[in-house]
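Architecture at a glance
As a plain string of letters, each chain reads:
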Amino acid sequence: MKNTSKKRVTLNDIATLSGLSTTTVSMILNGRGEEFKIKAETCQRVKAIAQAEGYRVNIYAKSLKTQRSNVIGLVIPDLTNYGFAYTAKMLEKQCHENGLQLVIACSDDNPQQEKLATERLLDRQIDFLITAPTHQDPYYYQQIAQQTPILQLDRYVPNLDLRYIISNDSDKIAELVQYLAQKYQPKEFVYFGGQFALSPSESRLQGFLTGLAQAHIPPQNDWILHRTYQPESGYQMLAEVKQRLGRLPEAIFTASYTLLEGVLRYLTEHQQMDHLLNRQLHLATFDNHDLLNALPFHIHSIKQNHQVIAQQAFATVQQILHGEQTSNIKIDCEIIYRN
């Protein structure tokens, strides 16, 4: 079978076709023709040849010379998670406006997948790594940070001296839980969380427990459930609670919007959405989506400021790259009451 793959066009090929030295062609294609007083018509001719031949600059060779690739790596747990997706979109916009490229990878909340995604990004000679860490080994990140600066996003690894940007979630969760507990006096107020080893899991659970304490409701051990932050976990945890109680609980707080998706899917598949319409079940969630405003029942939510998170993350990246001092940042949240 004939090999139809085309040989990659090199700088030497363009130099041969234009009758110029590789040095001159390199200056022109790197936008430095005017700086070195190369005639405008010569620059135009070389660029026309390069375009016609489909030449592309070798970013790896270029980064070796400049010691910069102008590429930022971002590892997030879930590309379908609205919060992470929106933050990534805002970050990409800021990188684009500042001559940088953002390359996004997904860890699927799996430590081994996160390591693989990170290694692939490091192979691209990225200038900076932004990660929402699933892996909890500080030594792993310390080794990376010796060569590539790191910013932790939404989560942080304990005992790791690296900067992070997270949401200030506990106080708002406590306020919302206290409000619901006092207003509706539910017999059960259950909490569905993700992996407990992750820093947001600890702070969100603490907010939930504080809210119950402020409402003078002692939590029961079987009210607290943890799995992962995937929608399927929300589905399974509600199934578990219903089997144990013989009915639906009267109030649920989900620690992420993805877990809420699983809860709503369970209610839909088991034809029990009327519990929400009749206010036999009260739902609240961490994180927000505008879709919640269009539902015929009320789901209270805690809105993260993803735009500010992205802005602060980009500003921190720039500061670290320029050798400036930075600090950890907590971004305030907002409660969205739907009454």
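Criteria and thresholds
- Residues numbered from 1 in each chain as written.
- Predicted model: local features only at pLDDT ≥ 70, side-chain atom pairs only at ≥ 80, totals over all residues.
- Heavy atoms only, no water.
- Helix = DSSP H or I, 4+ residues; strand = E, 2+ residues; numbered from the N terminus.
- Rg over C-alpha atoms; globule rule 2.2 N^0.38 Å.
- Buried < 20%, exposed > 50% of the residue type's maximum accessible area, 1.4 Å probe, protein only.
- Contact = heavy atoms within 4.5 Å.
- Areas by Shrake-Rupley, 256 points an atom, 1.4 Å probe, with all protein chains shown as cover.
- Lys, Arg positive; Asp, Glu negative; His and termini not counted.
- Charge placed at Lys NZ, Arg CZ, Asp CG, Glu CD.
- Pairing = 2+ DSSP bridges.
- Polar contact = N/O pair within 3.5 Å; in protein donor to acceptor, adjacent residues only side chain to side chain.
- Expected span 1.5 Å × (residues − 1).
- Axes fitted to C-alpha atoms, helices over the stretch in contact; angles between N-to-C directions.
- Disulfide = S-S within 2.5 Å.
- Right-handed = clockwise from strand over helix to strand, strands pointing away.

With an unreviewed UniProt entry as reference, the protein chain is termed Substrate-binding domain-containing protein, source organism Pasteurella oralis.

Check the secondary structure of the protein chain and you find 13 helices and 12 strands. Rg of the C-alpha trace for the protein chain: 26 Å, well past the compact-globule value of 20 Å for 339 residues, more than 25% over. Across the 339 residues of the protein chain, 47% fall into the buried class. A sequence separation of at least 24 residues applies to 64% of the contacts in the protein chain between residues at least 6 apart. Looking at the protein chain as shown, the accessible area adds up to about 17800 Å², and 47% of this sits on carbon and sulfur atoms. Separation between the mean location of the 33 positive side-chain charges and that of the 34 negative ones in the protein chain comes to 8 Å.

Moving residue by residue along a regular strand, the side chains alternate between the two faces of the sheet. Of all five residues in strand S10 (residues 299–303), four are buried, a share of seventy percent or more. Relative to S10, strand S9 (residues 282–286) runs parallel, the two sharing four bridges. The residue of S10 that forms the bridge with Phe 286 is Ile 302. Where S10 meets strand S12 (residues 334–336), three bridges bridge the pair, whose relative direction is antiparallel. What sits directly across from Ile 302, in S12, is Ile 335.

As for its position among the elements, Asn 288 is in the loop between S9 and S10. A polar contact is formed between the side chain of Asn 288 and the side chain of Ser 301, at a distance of 2.6 Å. Among the polar contacts listed, one links the side chain of Asn 288 to the side chain of Arg 338, at a separation of 2.8 Å. Those residues in contact with Asn 288 that sit more than four places away from it in its chain are Tyr 82, Tyr 257, Ser 301, Ile 302, Lys 303, Ile 336 and Arg 338.

This brings us to helix H3 (residues 40–53). The end-to-end C-alpha distance of H3, which contains 14 residues, comes to 20 Å, matching closely the 20 Å that a straight helix rising 1.5 Å per residue would cover. On its buried face, H3 sits against helix H1 (11–18) and helix H2 (22–29). Gly 54 sits one or two residues past H3 and shows a positive phi near 75°.

Attention now moves to the sheet that holds strand S5 (residues 164–168). Across the sheet, which stays open at both edges, the six strands sit in the order S2-S1-S3-S4-S5-S11 with parallel pairing between neighbours. Whereas interior strands pair on both sides, the edge strands pair on one side only; in this sheet they are strand S2 (101–106) and strand S11 (329–332). The average angle at which neighbouring strand axes cross in this sheet is 20°, direction not considered. Pairing analysis gives four bridges linking S5 to S11, with the strands arranged parallel. In the strand pairing of S11, Asn 168 is matched with Asp 332.

Each strand in a sheet pairs with its neighbour through backbone hydrogen bonds, running either in the same direction (parallel) or in the opposite one (antiparallel). Taken together, the six strands give an open sheet; going across it, the order is S7-S6-S8-S9-S10-S12, and neighbouring strands pair in mixed fashion. What marks the edges here is a single partner per strand, and that holds for strand S7 (224–226) and S12. Direction aside, neighbouring strands of the sheet carry axes that sit 15° apart on average. The pairing of strand S6 (residues 189–193) with S7 spans three bridges and is parallel. Following the sheet pairing, Phe 192 is matched in S7 by Leu 225. Against the sheet, helix H9 (residues 199–214) makes contact with S6, S7, strand S8 (251–254) and S9, and its axis sits at roughly 170° relative to S6, the strand it touches most. Against the sheet, helix H11 (residues 257–269) engages S6, S8, S9 and S10, with an angle of about 150° to S9.

Within the secondary structure, Glu 175 is located in helix H8 (residues 170–184). Here the alpha-carbon distance between Glu 175 and Glu 34, two residues 141 residues apart in the chain, equals 62 Å. Those residues in contact with Glu 175 that lie beyond four places of it in its chain are Ile 335 and Tyr 337.

In this structure the tally under the stated criterion is zero disulfides. Not part of a disulfide, Cys 95 finds its nearest cysteine sulfur in Cys 106, a span of 18 Å. By relative accessible area, which is 2% here, Cys 95 ends up buried.

Attention shifts here to the pairing of S2. As paired elements, strand S1 (residues 71–76) and S2 share six bridges and run parallel to each other. The residue of S2 that forms the bridge with Val 71 is Gln 101. Remark: the S1/helix H5 (residues 82–97)/S2 crossover connection has right-handed handedness.

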